Structures are given as structure tokens and as C-alpha cells.
Amino acid sequence: MPESISRKEVKHVASLAKLALSDEEELMYTDQLAAILDHARDIMALDTAKFAPTAHPLELNNVFRSDVEKASLDRDEVLSQAPASQDGRFVVPRILGEAP
Amino acid sequence: MVEDSLSSNAEFLSGWEMVVGLEVHCELKTRTKLFCGCMNAFGQEPNTSICPVCLGLPGSLPVINEHAVELAIRIGLALNCRVDESIFHRKNYFYPDMPKDYQISQYEKAINENGYLELPLSKKRVRIERAHIEEDTGKTTHVGGDGGRIHGAVHSLVDYNRAGIPLVEIVSAPDLRSAEEAREYVSELRSILVASGASDGKMEEGSLRVDANVSVRRSGSREFGTRCEIKNLNSLRSLGRAIAYEAERQVELIESGQVVVQQTRHWNEDQGVTTAMRSKEEAYDYRYFPEPDLVPLCPSKEWVSEIGSRIGLLPADRRKRLTSLFEGVESGSTFDQIVTVVGLGLDELVVGAVEGGADPRLALARAANEVAANMVNQANLSVEAFGELIKMESAGQLSATQAKTVLGKMLESGYRPQEVAASLGFEALDTAVLEALIDQVISTSPKEWERFSSGEDQLTGFFVGQVMKLSKGRADGKVVTAALHSRRA
């Protein structure tokens, strides 16, 4: 049986999540993720033809709120939590690419 | 290469066909955001409409705005879509315009799917693949470098007022074949969104944002070429120019033996070119997965039909209503005027004026030309005042030139036509005065009058002109013509 996840895939996922993993961590997460994927594979082996797909574990739908305004947060208080701010806005490091 | 020359584009592309599909993001006209109670308004002070939900603070949970769902369903119904059960997904990406590091969107099951839109002028049916709900992102401004562009920026500033504003993204099939069709599609879509009350449709404020997928292929070919996605199309004009430019760029590449690379390109309005976007990771891996914090949307048939009954008259029906005021105008200049008037939302003005007794043709023409040219002041014009003006013109109390001038002043000031006409000294010529002027013209041109009297109709213009000149433009051409003809008889 082929490995359910390769170390290369773990590296890729970590880089997408902006996580810097050490070699040991990479190995550890590869093992842990493989165990989870193996479990999913076991479940996939079951015959589920009789069941409709579930989008959410709760048997609930259409949970709405009405279109009514609520007070927003105080800007100064919010910006005081940020590492840096300027002209009422959050300062973030120079962005290399355009928005995806 | 292309400088505003859509017509030469057609020649350039001979032997080639362009294939265009559009993605239109439309901001919904709700009071609050999609998942929280922060205000949905344009032009507020930065970061004054933010809360733990739209800032993605730990522990906050989204709850969907019912009115946003209703407006999304209105869009789906207006675009002839199947409205059905749908779920939300997280689209994961790392960029500071979204503090959660994901955008909540609809991926595999959209609320609206498989619809279509009919283009009024080219009479073409464009398929709509889907129209799904998602949240808008925050606004980033690049500081340092030149002109706020990314290149050379020292750092970026983020305003999250826009983050979480409800959007519907309307995705067309690749059914459009020219820049003109693309413009017509967006213009018709905009009218539908405005008429259904879902959006204010203001491209200049970013309420309506368009991305274009463009590819080219040899005429007659059935396969699709490699496409490029163009962003930053902020007006119908930019859209048309960018598509024309991009199609030419791709044809030139292929004809010179190169290949088109699939990429996202940015339209530069000043230089009139598209350029490849600089990006760290070109191939994004969004790792979509179902949003665990939101339950499925299952609109009941009753709710959907109730929403359907609340949609106002859509553009196609508005055009029919106007067309019914005339006889046999499915195309031609009157139909063009009808499309213009409905597209600008001026049809109520015309219909109201006609109901008040105004002449349909004149009302339509004044709306499609003079009012359309002054849309910024359109709110100053009431249906009643417009109708009165048209009636004054029909009755010969104002000449065509005077009526246009009066209408212009009415749009600027909001005054009634009688008031404006009086202040400009545009009083209808007394019949006795007009007859006296005609006498005067006859006495100075007796020979011409003799010829006119013996049936030379081509001299009508000469006499009308003379009378107009003496009256200093106050006489009405039609009234003068009638008076001349009754004198002759």
C-alpha cells in the first residue's frame, strides 16, 4: 500500500500555511497525518450508497440573523492591539504578489 | 497597439475568433455585512465598520444575513437560474486583505446555477454557469514606491470596512465573441441587478467589478485556446478596451510562433495594455473545505416564489412596456433609444410622462438624448415636470431648440418648465405676431413666394428659415410650416 501522504506533500501544506517546520516536526506530522488519512481510507471502504451526503453534522439549516445593524468596535482600541497602524489603518509588511 | 479602436479590432482578428467569459462581482444592497451586524456602506472612515467577526478574531462565529440570501435569490431568479440547496466553503489563502486567512464562499454547491441572460441588441442568449454568495475582502493600499502600486512599496495599509460585505459572483459561460458583446452583457446585467433591487450597480464605487477570461482561436475551430484572466476593469470602457487589446496580443503571439501562457493579467488604463501580474505563487492551492461554522442553506419553494413575487419589473419587461407604446419597433433607432432608456433606468420617466398625456416618441427621444447626457442631475427631474415640458414642445409653445435648453436648465435646477421658459424669455409667439412675421418675409421675397404658392414645396425650408431668423429662434418650425401652408391654400 502506498504511503497515504508523502513528506513532500507535508512540506507543501506547511508552506501554504506559512509554517516553518523542523526536520523532526516534518517527520512527526507526516506520521500523524498519515494515521488520520488511513482512518479516512477505512471509512471510505464502507458501502455508503444508501446514505445521502452530509454537509454538516448538525441537522440544522437556514440559521439566519436579520439585517439589523450592531455597534462596531472602537477603532483606536482595535488598532492599539495591532503591531503597527497608520492613518486609521493596519500596517502590514510589503506585499510581494497581488491578491489571489 | 490598440488605442480605442474596437472597429479595427474586428479587421485585425479576421480569421480569428475571440472567446470571452466574464466573472462579475456584485456587492449586495444590504444594511449590514454578510456574517455580522457591521454597517455595509461605501466611503466611511477606514476601519470604523469592523467587529470580531469581520476581523477574524478567535472565538467569533459567522451568522448569515437573511436579507443577503434573499437578494442572492432575486439575482438567481432574474437570471433564470435554478435556485437550490447550497453550502459554504472556506477558500484558504494567505494575504492580509482577509484577516481569517480564508474567504467564505460557495464552491461545489452554489445557491444559483444554470441560468441565462438575453442580450437586447445582439439578441444573443448568454449562459450563466452560477451566481454564488461570498464575502468581500478588505482594501489594501500600498505605501511608498510610485503611485501606490505594489512595485517598490515599502509597506501596505489595510482597511477592513469592506471585509465581509455580501457579494454575489456571477459567472458566465464562455459565450461572448466580441468586446461589444461583453460590454452589452455587463450593461444588461447591471440593469437587471439594479431593477431587482439587489445592488446599486455603481462600477465607479466598486459595487460591480468585472474580471474577463479571454482566449482566441482560429475561426471555425471548436477547441478553446489558452485563456488569460484580466483584472482591474473598472468601467465598461476599460472592459471593452482591455478585451480588444488582449485578443490582439494573443493573436500576435500565436501568429509569430509563440504560445499564450495561462496567467492573470492587470489592465493598465493609462497605457492601454495588459501586463502579467507579479506573483509569488502563480498556481494557487486554495484547499477548499466545507465551512464548519455555517449550516446549509435550504430555501423552501414557498420562500423562493415569495421572493420572486417581490422582484420588480426586469429590464426585458420594461423594454416590452415601452415598446408597446409604439408600433412595430423590435429594432431600429427607436428600439436603440428604448434600450438606452431602460439601461439608464429612465423608463419610469417616459412611461409616467406618456400616462400624463405626453407624446411617446418625443418623450422617449428627450429621455434617450438630453436626459441621458445629464445623468448626474437626473434626480432633479420629476415625472410631472418632464411630462409638462414634452407637452409644451408638442403644443408648439417651445421650439425643439428651446425645449432642449429648458430641459437642460430643469435638470440643473429642478425648476418647472414654465418657470424656466419664462426666465429665459421663451414665450410662445402670439399667432398675430407670427402672421406679421410671415407677411414681412413674403414682402421681401415675392418671387419665391409666388413659386412656393404655385406648389414648389422645396421652398418651405427657405421660408421657415427666414421666419425663424426674424423671430430670433422663438418660432416653432412645425407651427411656421403649418401657417405657411395654410396661407398658400
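Quantities reported herein were computed from a predicted structural model and do not represent experimental measurements.

Cut-offs used in this document
Residues numbered from 1 in each chain as written. Chains lettered and ligands numbered in written order. Predicted model: local features only at pLDDT ≥ 70, side-chain atom pairs only at ≥ 80, totals over all residues. Heavy atoms only, no water. Core = buried A, V, L, I, M, F, W, Y, C linked by side-chain atoms within 4.5 Å. Buried < 20%, exposed > 50% of the residue type's maximum accessible area, 1.4 Å probe, protein only. Contact = heavy atoms within 4.5 Å. Helix = DSSP H or I, 4+ residues; strand = E, 2+ residues; numbered from the N terminus. pLDDT = per-residue confidence, 0-100. Domains from an automatic or database assignment. Buried area = accessible area lost by both parts, 1.4 Å probe. Salt bridge = Lys/Arg side-chain N within 4 Å of Asp/Glu carboxyl O.

Draft legend 1. Spatial organisation of the nonpolar core. Residue and element names in this part refer to chain B. Core analysis: the largest hydrophobic core is formed by 80 residues, its most contacted members being L22, I75, L79, I170, Y185, L239 and I243. Not counting chain neighbours up to four residues away, the residues in contact with I170 comprise L22, E23, V24, C26, I75, L79, I128, R130, A131, Y185, L189 and L193. Counting 35 residues, the second largest nonpolar core, distinct from the first, contains V329, L381, F386 and F426.

Draft legend 2. Expanded view of the environment of G201 of chain B. Residue and element names in this part refer to chain B. Residue position: G201 is located in the loop between α3 (179-195) and β11 (208-218). Given the relative accessible area of 2%, G201 is considered buried. Distance from G201 to E27, taken between C-alpha atoms, is 8.0 Å for residues 174 residues apart in sequence. Setting aside chain neighbours within four positions, we find G201 in contact with R190, V194, S207 and L208.

Draft legend 3. Structural context of the confidence of the model for chain B. Summarising the model, chain B shows a mean pLDDT of 90, and 93% of its residues fall at 70 or more. Within the model, the stretch residues 1-5 of chain B combines pLDDT values under 50 with eleven contacts to residues more than four positions away or in other chains.

Draft legend 4. Representation of the domain arrangement of chain B in the model. All names here are of chain B. Structurally, chain B comprises domain 1 (6-307), domain 2 (313-423) and domain 3 (431-488). Its C-alpha centre places domain 1 at a distance of 34 Å from the equivalent point of domain 2. Each partner contributes residues to the interface: domain 1 has ten residues there, and domain 2 has ten residues. Between domain 1 and domain 2, a total of about 740 Å² is buried, with carbon and sulfur atoms accounting for 62% of that surface. Considering only the surface of domain 1 that becomes buried against domain 2, P120, L121 and A195 emerge as the three largest contributors, covering 45% of it. Our enumeration of links across domain 1 and domain 2 arrives at one salt bridge.

Draft legend 5. Unusual backbone geometry, seen in detail. Residue N80 of chain B is not a glycine yet carries a positive backbone phi of 60°. The residue N114 of chain B is not glycine, and still its phi comes out positive at about 55°.

Draft legend 6. Broad picture of the environment of T460 of chain B. Residues and elements named next belong to chain B. Considering the arrangement of structural elements, one finds T460 in helix α15 (residues 460-470). Since its relative accessible area comes to 13%, T460 is described here as buried. In sequence terms T460 and L189 are 271 residues apart; their C-alpha atoms lie 48 Å from each other. In contact with T460, not counting residues within four places along its chain, are F452, T481, L484 and H485.

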